[in-house]
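# Residue-level structural notes
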Amino acid sequence: MTTDQATDTRPTTDTGWVDPREQIEVGVLLPNGRLVGRRFFSREEAEAWARPEEGEQVVEYNLVCECNV
């Protein structure tokens, strides 16, 4: 017979928890208002990939609310 034990799942700094308000992504916004379908590790990488002469913009947004930062 086994018993289920309650576990404390509250985030702590010991578990490597990151505040979701600080999870900022960098992306490239196309002229039609859609994000490109790839991830960038840094703003510099996105800027090197984007084509501003074609109307593309590098943007930063929050993963939780997907708002512009």
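About the criteria used
Residues numbered from 1 in each chain as written. Predicted model: local features only at pLDDT ≥ 70, side-chain atom pairs only at ≥ 80, totals over all residues. Heavy atoms only, no water. Core = buried A, V, L, I, M, F, W, Y, C linked by side-chain atoms within 4.5 Å. Buried < 20%, exposed > 50% of the residue type's maximum accessible area, 1.4 Å probe, protein only. Contact = heavy atoms within 4.5 Å. pLDDT = per-residue confidence, 0-100. Helix = DSSP H or I, 4+ residues; strand = E, 2+ residues; numbered from the N terminus. Salt bridge = Lys/Arg side-chain N within 4 Å of Asp/Glu carboxyl O.

## Observations concerning the nonpolar core
Listed in full, the 7 residues of the largest apolar core are Val26, Val28, Val36, Phe40, Ala46, Ala50 and Val58. The contacts of Val28, once residues within four sequence positions are left out, are Arg34, Leu35, Val36, Phe40, Ala46, Trp49, Ala50, Glu56 and Gln57.

## Some remarks on the confidence of the model for the protein chain
Looking at the protein chain as a whole, the pLDDT averages 81, with 74% of positions reaching at least 70. Mean pLDDT across the elements of the protein chain ranges from a minimum in strand β2 (residues 57–62), with 93, to a maximum in helix α1 (residues 43–49), with 97. Across residues 1–9, where pLDDT falls below 50, the model places 0 contacts with residues more than four positions away in sequence or in other chains.

## Section: the pattern of salt bridges
A full pass over the atoms with the stated rule returns 7 salt bridges. Across the pair Arg43 and Glu60 runs a salt bridge, and its minimum N-O distance is 3.2 Å. Separated by 17 residues along the polypeptide, Arg43 in helix α1 and Glu60 in strand β2 bring together distant segments of the chain. Exposure remark for Glu60: the relative accessible area of 27% places this residue in the partly exposed category. Close ionic contact of Arg51 with Glu56 constitutes a salt bridge, the shortest N to O distance being 3.2 Å. In this structure, a network of salt bridges that share partners links the residues Arg43, Glu47 and Glu60.

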